[in-house]
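Take a look at the letters that make up each chain.
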Amino acid sequence: MDALRIHIEHIWRHKWVVATIAALAVLGALYTSFGAGMAYTGKSVLTIDSQARLPEQDVALARGYADTLNYLPYQERLRAAAGIPEDVTVNAGTAASGPMVIVEATSGDSAVAEASAAGMAEAFRDDFNANWRAGRDRAIEDLEVERNEDLTALGSLPPEGPETALRTASANGIQDRISQLQADTTGQLQVLQSSAGVVGTAPSPARNLVLALFGGLVLGSVAALALAGLENRLTNRDEIREQLGVDTLVEIPPGGSASANQLREQRFKQLANVVGLADLPRPATIAVTAPRETEGTAQVAEAIAEYRAVQGERTLLVRADLRGSGTDGEPAGVGDFLRSTRSISVEEILQAGPSSHMRVMGPGVREIDSYSLFTRSRVAGLIALGRRAADLTVVETPPIVDAAEPQVVCAAVDRIVLVIDKTTAHSADAKEACRLLAQADATLLGAIIIDPHTNPDMPKTSRLSFLVTIKAFIKDKVSGVFSHFGKSRNESGSDHDNSVVEKQILRRTAVPPEPAPVDVVDGLHLSSEVLSDALTPSSNGHHRP
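Analysis parameters
- Residues numbered from 1 in each chain as written.
- Predicted model: local features only at pLDDT ≥ 70, side-chain atom pairs only at ≥ 80, totals over all residues.
- Heavy atoms only, no water.
- Phe/Tyr/Trp six-rings, centres within 6.5 Å; stacked < 30°, edge-to-face > 60°.
- Helix = DSSP H or I, 4+ residues; strand = E, 2+ residues; numbered from the N terminus.
- Salt bridge = Lys/Arg side-chain N within 4 Å of Asp/Glu carboxyl O.
- Buried < 20%, exposed > 50% of the residue type's maximum accessible area, 1.4 Å probe, protein only.
- Pairing = 2+ DSSP bridges.
- Axes fitted to C-alpha atoms, helices over the stretch in contact; angles between N-to-C directions.
- Parallel < 35°, antiparallel > 145°, perpendicular 65-115°, else oblique.
- Contact = heavy atoms within 4.5 Å.
- Nonpolar A, V, L, I, M, F, W, Y, C, P; charged D, E, K, R; others polar.
- pLDDT = per-residue confidence, 0-100.
- Patch = residues over 30% accessible without salt bridge, like charges linked within 9 Å, V, L, I, M, F, W, Y side chains within 5 Å.
- Areas by Shrake-Rupley, 256 points an atom, 1.4 Å probe, with all protein chains shown as cover.
- Core = buried A, V, L, I, M, F, W, Y, C linked by side-chain atoms within 4.5 Å.

The protein chain goes by Chain length determinant protein in an unreviewed UniProt entry, where it is assigned to Rhodococcus opacus.

Turning to the packing of aromatic side chains, a few remarks are in order. Scanning the entire structure with this criterion turns up three aromatic pairs. Ring plane angle 65 degrees and centroid distance 4.4 Å describe the contact between Y65 and F128, whose orientation is recorded as edge-to-face. Here Y65, found in helix α3 (residues 55-70), pairs with F128, found in helix α5 (residues 110-155); they are 63 residues apart in sequence, far enough to count as distant. An aromatic cluster of three or more residues is present, and its members are Y65, Y74, F124 and F128.

A separate point is the pattern of salt bridges. Tallying each qualifying case throughout the model produces 19 salt bridges. In this structure, the salt-bridge partner of R292 is D429, at a minimum N-O distance of 3.3 Å. Residue R292 is located in the loop between β7 (284-289) and α10 (296-310), and its partner D429 is located in helix α15 (residues 427-439); the two are separated by 137 residues in the primary sequence. By relative accessible area, which is 38% here, R292 ends up partly exposed. Via salt bridges that share partners, R282, R308 and E313 belong to a single interconnected network.

Along the chain, the position of G187 falls in the loop between α6 (162-183) and β4 (189-193). Sequence-wise, G187 and P99 are 88 residues apart; in three dimensions their C-alpha atoms are separated by 10.0 Å.

Moving on, we get to the sheet that holds strand β11 (residues 392-396). Within the open sheet, the eight strands sit side by side as β6-β13-β12-β7-β11-β8-β10-β9. Their pairing is mixed. Every interior strand has two partners, whereas the edge strands, β6 (248-252) and β9 (351-352), have only one.

Relative orientation and spacing of two packed helices are given, respectively, by the angle between their axes and the distance between those axes. Closest axis-to-axis distance for the helix α9 (residues 258-277)/α10 pair is 9 Å, and the angle between their directions is 70 degrees. Classified by the angle between their axes, α9 and α10 sit roughly perpendicular to one another. Residues R264, E265, F268, K269, L271, A272, N273, V275 and G276 of α9 touch α10, and the partners they reach there are Q299, V300, A303, I304, Y307 and R308. Residue composition of the contact of α9 with α10, by class: eight nonpolar, three polar and four charged.

Here the protein chain averages 77 in pLDDT, while 77% of its residues score no lower than 70. Below a pLDDT of 50 lies the segment residues 456-473, which in the model reaches 16 contacts outside its immediate sequence neighbourhood of four places, other chains included. Counting contacts from residues 480-545, a segment whose pLDDT is below 50, to residues more than four positions away or on other chains yields 100 contacts.

Among the surface-exposed residues, F214, V218 and V222 lie close enough to one another that they form a single nonpolar patch of about 300 Å² accessible area. If you trace the backbone, V222 turns up in helix α7 (residues 205-231).

With that out of the way, let us pick up the environment of V250. As for its position among the elements, V250 is in strand β6. Put simply, V250 and L271 are 21 residues apart on the chain and 6.3 Å apart in space, counted from C-alpha to C-alpha. Ignoring anything within four residues of it in the chain, the contact list for V250 reads R237, R267, Q270, L271, A447, I448 and I449.

With 42 residues, the main nonpolar core has I240, V334, L338, M361, F374 and I420 as its most contacted residues. Not counting chain neighbours up to four residues away, the residues in contact with I420 comprise L234, I240, P291, A425, A430, A447, I448, I449 and I450. The next biggest cluster of nonpolar side chains, apart from the first, holds 29 residues, and it includes L271, Y307, V360 and I450.

We now examine the pairing of strand β10 (residues 358-361). Summarising the sheet, strand β8 (residues 315-319) and β10 pair through four bridges and their orientation is parallel. Counted as the bridge partner of V318 is M361 from β10. Pairing geometry for β9 and β10, over two bridges, is antiparallel. Paired with Q351 across the bridge in β10 is V360. Between β9 and β10, which follow one another and run antiparallel, lie five residues.

Structure (structure tokens):
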């Protein structure tokens, strides 16, 4: 039953192939039905001369004659001899019971159909009987040679004697056999009815359309299954379990309509619940990666962080894909933190998310090749920052098969979520991703099957998320205004007021020229080297605060 469901999903995924082939078949049926016009079929009946055989034997012989006439190379030779037009279709069959061969000729003209049936029947009769007579004449010639030998021997023998009697009897017997062969016509074809009538038929559009649609759907389904086999894609939880040995946490459908968007949002919430109920240390860190480039990675990572934040959990979304050309206009982010080339405040590196409990660390300045930045110590510092900033840190990584950096990140976090894009993911890439994760000693939480396509006219998040985003934006702007006035009062000599952000757990600090002791890390600017040196590794090799 599972195999049948997988085949149905493959056919549904390639429904446009099925629809195209079925449409072509229907169009062909329409053209044939309305463009062919009337078809006329003329008949001619041949019979087998039967004198010394049982009727059952003649019926089997008639089937053999019909098959011979339907053999195309032989039929083409008879066409040429009888002058049958090329657009005339000729077919031979037999009666239900009886030694008769029925020759049918179909054409758009009734007279041509009638003449072609009669001409083909006569040509077949003449050709077959000529061959039959040639075989009989050869047999008679052989017998005449034997008879002449006997007659020659009798000329040298006395009139009386045993040998003379034997030779005489042999010559007489051979003569009798020759006479029988000359008189026997068993097996020859005869024209029983040269023209058995002409029947005109018009094509049935309804029947042709039904047959064409059915045939097109069958052929399209076969083509869809063949295409799915060539693609070797992973599209459902059964295939993922069978080929990867990994459980599927949830399947995310595509968006588009209101109902589809609602179902998509519901599945994302279920995924957030799975992460929240998982046996993870607190604070926890998970990485979201995919075998190849897909928009689904960002969608899954953002949904986990956002919906966990909706339930009141402090979350941090870390966008750790630094591939691409550098952009100085972007806010400071992961790239700036890993470089540690300057003092970076927490307020500068962490941006407000869609809700008050969510923060986002962007990629920052990107690099074409960021491999040198992803060292074990620097990534450990990044993870430590996430543990200090949030209860749940979600790291969005580059595709693990396309880049080397994700291995280092996946080795440092608690669990991995593997995103399988059902529109592009191939089995070989997914297996390679699992192999690379195993090399990094990473632990998979499970796989996500997602169709990343969304309706561009709809907001990326739900209405609730959109309202929360607007609310957070307004709150951030208001806080910025009050922070500006607070700074003005500080500059005028008042040290009494501080901004709200400066009172958070992650305070503005500065990178010292020398490594700082563990007990004062809280009061420093955060960099990967400082946090890495200040943290002690846990039993599984991960740095813990």
